[in-house]
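Structural characterization, general
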Amino acid sequence: MSWPLYQVDAFTAEPFAGNPAAVCLLEGDEDPAWMQAVAAEMNLSETAFLRPAAELGRYRLRWFTPAVEVELCGHATLASAHVLWSEGLAGTGRALRFDTASGALTARPGDDGGIWLDFPATPAGPVDPPEGLLDALGGGPARFVGRGRFDYLVELAGEAAVRDLAPDVRALGGLGSRGVIVTAAAAAGSGGYDFVSRYFAPAAGIDEDPVTGSAHCTLGPHWAARLGRAELTGFQASARGGLVQVRPQGDRVLLGGRAVTVLRGRLG
C-alpha cells in the first residue's frame, strides 16, 4: 500500500521560505507508531496525517514532530488545507473542517489567495520566570513573562533583541513547557508587520521552528492588547522567515497565510 505525500512551504508565497510541512493522505486509521516513524523520516517540524470523515468537507487531522505527537499545529494545518484545494480533493471555495486533539478547526480561502484558519486562542497570563528561562535566552531583561496553554511567552525590549538571540536550547527544553515564544514590537520603519517573534521547542524535538502558527494563538491576544489593534501581522524572524496575519476574536484567533507545494510523491 502507498499513500500520497506532499511537502508544502507554509506562511509564505515563495518556495524555500516559510515553514515546510509534510502532508500524508490516509484512507483510514493508521498505527500512531507508524505515523511517528514517518514523521521522523521526513524530519520536518511537523508531518500532518489527514483522512476524510463521513461528512463532506470534514477530515481527521493529526500532527507529529520528528519526536512527538502535538496537540495543535498551525503551519501543517495551513499546508493540509492548501493540498486539499490545490490538488482538487476538496471543492474550491468550500470551507474545510478538521477534527483534532484541540477540537474542531476550520479553514477558509481568503479573498487574496491566502487561507484563514480558525484556531483556539491560548493567551498567556503573567508568571514569574521559571529558574533558568531568562539565562537560557540570554536576551537581556524581559518586559513580560507569561504562560499560555502550551508555551512560555517572553517579551523583550525590541526587535533587535529578538533577532540577535542565540539561546541555550538544551536548557529551554527542561522548563516543562512545549516551547518558548520570544517576541517584541516591530522596530520603527520595519513596514509590513507589527511584531516579531521566534519560537524554540527542543522538548518537542524542534530547536527552532521556522514559522509557528499555533504560537500566534498566544501572540495575537498579547499584541492586540498591547497595541490596541484587532488585526495584526507578525513576522517570525527565523532563518527562513514568514508572515502570519492575526485577528483575535474572543476565545478564537483567525490566522492567515499563504502556502506553496514544493514536492509531490507517494510514501511506500
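The coordinates are above.
Residues numbered from 1 in each chain as written. Predicted model: local features only at pLDDT ≥ 70, side-chain atom pairs only at ≥ 80, totals over all residues. Heavy atoms only, no water.

**Let's talk about the pattern of salt bridges**
Scanning all chains against the criterion turns up 16 salt bridges. Across the pair Arg226 and Glu155 runs a salt bridge, and its minimum N-O distance is 2.9 Å. With Arg226 in helix 6 (residues 216–227) and Glu155 in strand 11 (residues 151–155), this residue pair connects regions lying 71 residues apart in the sequence. Taking the relative accessible area as the measure of exposure, Arg226 reaches 43% and is therefore partly exposed. When the shortest N-O distance is used, the salt bridge between Glu231 and Arg247 registers 3.7 Å. Here Glu231, found in the loop between helix 6 and strand 15 (232–236), pairs with Arg247, found in strand 16 (residues 242–249); they are 16 residues apart in sequence, far enough to count as distant. You can call Arg247 partly exposed: its relative accessible area is 28%. Connected via shared salt-bridge partners are Glu55, Arg58, Arg97 and Asp99. (Salt bridge = Lys/Arg side-chain N within 4 Å of Asp/Glu carboxyl O. Helix = DSSP H or I, 4+ residues; strand = E, 2+ residues; numbered from the N terminus. Buried < 20%, exposed > 50% of the residue type's maximum accessible area, 1.4 Å probe, protein only.)

**Re a nonpolar patch on the surface**
Side chains of Phe16, Val262 and Leu263 sit close together on the surface and give an oily, nonpolar patch of about 300 Å² of accessible area. Residue placement: Phe16 occurs in the loop between strand 1 (3–10) and strand 2 (19–25). (Patch = residues over 30% accessible without salt bridge, like charges linked within 9 Å, V, L, I, M, F, W, Y side chains within 5 Å. Areas by Shrake-Rupley, 256 points an atom, 1.4 Å probe, with all protein chains shown as cover.)

**Focus: unusual backbone geometry**
A positive phi angle, close to 60 degrees, is found at Phe11, a residue other than glycine. Considering the arrangement of structural elements, one finds Phe11 in the loop between strand 1 and strand 2. The phi dihedral of Phe16 is positive, around 70 degrees, even though this residue is not glycine.

**Description of the pairing of strand 17 (residues 252–257)**
Two faces, one strand: in a regular strand the side chains alternate between the faces of the sheet. When you tally the buried positions in strand 17, you get 5 out of 6 residues, the bulk of the element. Relative to strand 17, strand 8 (residues 115–120) is paired through 6 bridges, and the arrangement is antiparallel. Among the inter-strand pairings, Ile115 is bridged to a residue of strand 17, identified as Gly257. Bridge analysis of strand 16 against strand 17 gives 5 bridges, and the strand direction is antiparallel. Each bridged residue has a counterpart across the sheet, and for Gln245 the counterpart in strand 17 is Gly256. Counting the residues in the hairpin turn of strand 16 and strand 17 gives 2 residues, including Gly250, whose phi is positive at 65 degrees. (Pairing = 2+ DSSP bridges.)

**Quick look at the nonpolar core**
Soluble, globular proteins show a tendency: their nonpolar side chains are buried together. Leu50, Trp63, Leu96, Phe98, Ala107 and Leu255 are the most contacted members of the largest nonpolar core, which has 53 residues in total. Considering every element that reaches this core, the biggest residue donor is helix 2 (residues 74–86), with 7 residues. When sequence neighbours within four positions are dropped, the list of residues in contact with Leu255 reads Ile115, Trp116, Leu117, Phe119, Gly213, His216, Cys217, Val244, Gln245 and Val246. Ranked by size, the runner-up nonpolar core spans 20 residues in total, among them Ala136, Val162, Val182 and Phe200. (Core = buried A, V, L, I, M, F, W, Y, C linked by side-chain atoms within 4.5 Å. Contact = heavy atoms within 4.5 Å.)

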